[in-house]
Amino acid sequence: MVTLNIQSLTAGYGPTTIIAGASACARPGGLTVLIGPNGTGKSTFLKAIAGLIPATGSIALCGLEIPQRQRSKTVSYMPQDVGGASSLTVLEVVLLGRLRSLGLSVPAHLPTEALALLNRFGIGHLESRSLDALSGGQKQLVFLAQALFRDPDVLLLDEPTAALDLRHQLVVLNAVRDHARERGVVAIAAMHDLSLAAQFAQEIICLSGGTVVASGPAGDVLTEERLRDVYGVEASVARTHAGFLSITPLRPCA
Ligand SMILES: Nc1ncnc2c1ncn2[C@@H]1O[C@H](COP(=O)(O)OP(=O)(O)OP(=O)(O)O)[C@@H](O)[C@H]1O
């Protein structure tokens, strides 16, 4: 099984350290949700795992260290702002400028599979539309489809449901969770909606102050005491009739 082990990860920007010796483990076959307040470093954590920013510490898959220069082959990162998001390299983007004259031979099954994925997200009818002519949520769905289609060993999604309506939030999180189950891959998504996180996560990692302060099943991580400590809010944590945790923020702590 391709468990991702993160040990003593330290990363930041210039002289500023944002992630300071964070350690966590993400198991394959389900969705791991990364939570934490605004600006706490969730995106930085994911970018450091993906090898997109300099970092120290160890990132290992199945016990084998993945050197930073090889991360892009095994790890796929979908950023929060999908305005120009793509997992294509800079060189590939330039090459695509001559797409029509490249004479690419695309095996017939690939467009069929890609279209099936778009249909799963309810946007198959947009297949020929230019990206410029899509709404923010539609664009997010296209790049999610690209991320899943790429089929990496480790899928990192930065707030994948932020621009989506209720139905598409469920469609996407079901698709990501099913994908992780079917392929046995690691999927980590940063999220702010804690009730949705509790519904879909096999495990939750909670970041605060540059380190991992808790990880495990939603019921262990999402306690009223932790929400007070980490988010500075009084919140009610209850279980719904369907058996899921429901988190209701009540008021900021005094
Ligand atoms: N390119 C950058 N250069 C300098 N500082 C940055 C850069 N990107 C982010 N930061 C800073 O790093 C800190 C962590 O940002 P990050 O985006 O990782 O937080 P986050 O937990 O994902 O936040 P949010 O929930 O608001 O999206 C913030 O203080 C932010 O201002």
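Keep in mind that what you see is a predicted model, and the values were worked out from it rather than measured.

Calculation criteria
Residues numbered from 1 in each chain as written. Predicted model: local features only at pLDDT ≥ 70, side-chain atom pairs only at ≥ 80, totals over all residues. Helix = DSSP H or I, 4+ residues; strand = E, 2+ residues; numbered from the N terminus. Rg over C-alpha atoms; globule rule 2.2 N^0.38 Å. Buried ≥ 20, exposed ≤ 12 C-beta atoms within 10 Å, placed from the backbone. Contact = placed C-beta atoms within 7 Å. Near = placed C-beta within 6 Å. Nonpolar A, V, L, I, M, F, W, Y, C, P; charged D, E, K, R; others polar. pLDDT = per-residue confidence, 0-100. Pairing = 2+ DSSP bridges. Core = buried A, V, L, I, M, F, W, Y, C linked by C-beta atoms within 7 Å.

So, the overall build of the chain
Part 1 of the reasoning: Along the chain, the regular secondary structure elements total 10 helices and 12 strands.
Part 2 of the reasoning: The C-alpha atoms of the chain give a radius of gyration of 19 Å, which matches the 18 Å a tight globule of 254 residues would have.
Part 3 of the reasoning: With the C-alpha coordinates of the chain rotated into their principal frame, the extents come out at 65 × 40 × 35 Å.
Part 4 of the reasoning: Looking at the chain as a whole, 35% of its 254 residues qualify as buried.
Part 5 of the reasoning: Residue pairs at least 24 apart in sequence account for 63% of intrachain contacts in the chain once pairs closer than 6 positions are excluded.

Describing the site of the ligand
Part 1 of the reasoning: The environment of the ligand is made up of Y13, I18, G36, N38, G39, T40, G41, K42, S43, T44 and Q80.
Part 2 of the reasoning: With 3 residues, the top contributor of residues to the shell around the ligand is helix α1 (residues 42-50).
Part 3 of the reasoning: Across the shell around the ligand, the residue classes tally to 2 nonpolar, 8 polar and 1 charged.

Topic: the environment of A55
Part 1 of the reasoning: Position of A55 relative to the elements: it lies in strand β4 (residues 55-61).
Part 2 of the reasoning: With 23 C-beta atoms counted inside 10 Å, the residue A55 sits in the buried group.
Part 3 of the reasoning: For the pair A55 and A133, spaced 78 residues apart in the sequence, the C-alpha separation amounts to 37 Å.

Quick word on the environment of P252
Part 1 of the reasoning: Structurally, P252 can be placed in strand β12 (residues 245-252).
Part 2 of the reasoning: Of the residues examined, P252 has 9 C-beta atoms within 10 Å and is grouped as exposed.
Part 3 of the reasoning: Excluding residues within four positions of it along the chain, P252 makes contact with G232 and V233.

Focus on unusual backbone geometry
Part 1 of the reasoning: The phi angle at D151 is positive, at roughly 55°, despite the residue not being glycine.
Part 2 of the reasoning: Checked against the element boundaries, D151 lands in the loop between α6 (136-150) and β7 (154-158).
Part 3 of the reasoning: The class for D151 is exposed, based on 11 C-beta atoms found within 10 Å.
Part 4 of the reasoning: Located in the positive-phi region is E159, a residue other than glycine, with phi close to 50°.
Part 5 of the reasoning: On the basis of neighbour counts, which here come to 22 C-beta atoms within 10 Å, the residue E159 falls in the buried class.

A word on the confidence of the model for the chain
Part 1 of the reasoning: Taken as a whole, the chain shows an average pLDDT of 90; of its residues, 95% reach a score of 70 or greater.
Part 2 of the reasoning: Interface predicted TM-score (ipTM) for the complex: 0.98; the corresponding pTM is 0.92.

Re the sheet that holds β4
Part 1 of the reasoning: An order of β2-β1-β4-β5 is seen for the 4 strands of this open sheet, with the pairing classed as antiparallel. Both outer strands of the open sheet, β2 (16-26) and β5 (64-65), are each paired with one neighbouring strand and no more.
Part 2 of the reasoning: As defined by bridge partners, β4 adjoins β5 across 2 bridges and the pair is classed as antiparallel. Paired with L61 across the strands is L64, a residue of β5.

Let's talk about the nonpolar core
Part 1 of the reasoning: The biggest cluster of nonpolar side chains holds 66 residues, and the ones touching the most others in it are V33, L156, A189, A197 and I204.
Part 2 of the reasoning: Examining the composition of this core, we find that 7 residues originate from one element, α6, more than from any other.

Here's the deal with the pairing of strand β11 (residues 233-239)
Part 1 of the reasoning: Alignment of β11 against β12, held across 7 bridges, turns out to be antiparallel. Residue pairing for β12: A235 is matched across the bridge by P249.
Part 2 of the reasoning: Between β11 and the antiparallel strand that follows it, β12, lie 5 residues; G243 among them carries a positive phi value of about 90°.

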